[in-house]
Amino acid sequence: MGVFNRTVIDGKPFVLVPEEEFEDMMDIIAAKEIMARVAAGEETWPAELVYELLETDSRIRTFRSYRKMTVSELAKAAGISQPYLSEIEAGKKNGSIDVLKRIAAALSVDLDDLVVD
């Protein structure tokens, strides 16, 4: 890190930091915050899953496969029928908000991880 200049403005002390070094410091702070969340147990996803989620036509199916669940297992966990879940995954039916919330809970993801605008 470089040398920082100190100054006083309106009686308050300030430190002038070069913009590039300020951005580096902010990146370090953000990285530490993320690592603390991971250390506290927050789940992370592999890059392959993230890329697949960006390309998939069914985020529910993608998460279900990632969780190594069958359609029947997820349907049972969400309290819906297997044919209904299959139709939602295939895009033939839209699930209600309540059903999507139950599916998200069964997959241990947030509702907004399933629904993309």
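The sections below set out a description of the structure shown in this document.

About the cut-offs
Numbering of residues starts from 1 in every chain and runs along the sequence as written. At least 70 in pLDDT is required for a residue's local features to be given in this predicted model, at least 80 for side-chain atom pairs to be given and counted, and no such filter applies to totals for whole chains, interfaces and linings, which use all residues. The side-chain figures draw on all heavy atoms in the structure; neither hydrogens nor water molecules are used. Per the convention used, a helix needs a DSSP run of H or I reaching at least four residues, while a strand needs a run of E reaching at least two, with both numbered from the N terminus. Two things to know: the radius of gyration comes from C-alpha atoms, and the globule rule equals 2.2 Å times the number of residues to the power 0.38. Partly exposed residues are those whose accessible area sits between 20% and 50% of the maximum for their type, while under 20% is buried and over 50% is exposed, using a 1.4 Å probe and protein chains only. Contacts are residue-level and defined by heavy atoms, with any inter-residue pair within 4.5 Å sufficient. We get accessible surface area from the Shrake-Rupley algorithm with a probe of 1.4 Å; when it comes to residues, only the shown protein chains can shield them. In this tally, Lys and Arg are treated as positive and Asp and Glu as negative; His is ignored, and so are the chain termini. For charged residues, the charge sits on one atom: NZ in Lys, CZ in Arg, CG in Asp, CD in Glu.

Re the overall build of the protein chain
Scanning the protein chain for helices and strands turns up seven helices and two strands. For 117 residues, the compact-globule estimate of 2.2 N^0.38 gives 13 Å, and the protein chain exceeds it by more than 25% at 23 Å. The dimensions of the protein chain, computed from C-alpha atoms along their principal axes, are 70 × 25 × 25 Å. Expressed as a percentage of the 117 residues in the protein chain, the buried residues total 23%. Partitioning the contacts of the protein chain with sequence separation of at least 6, the portion at a separation of at least 24 is 34%. Total accessible area on the protein chain stands at roughly 8,600 Å², and carbon and sulfur atoms take up 55% of it. Taken as two groups, the 14 positive and 22 negative side-chain charges of the protein chain have centres that lie 10 Å from each other.

So yeah, pure geometry; function would need other evidence.
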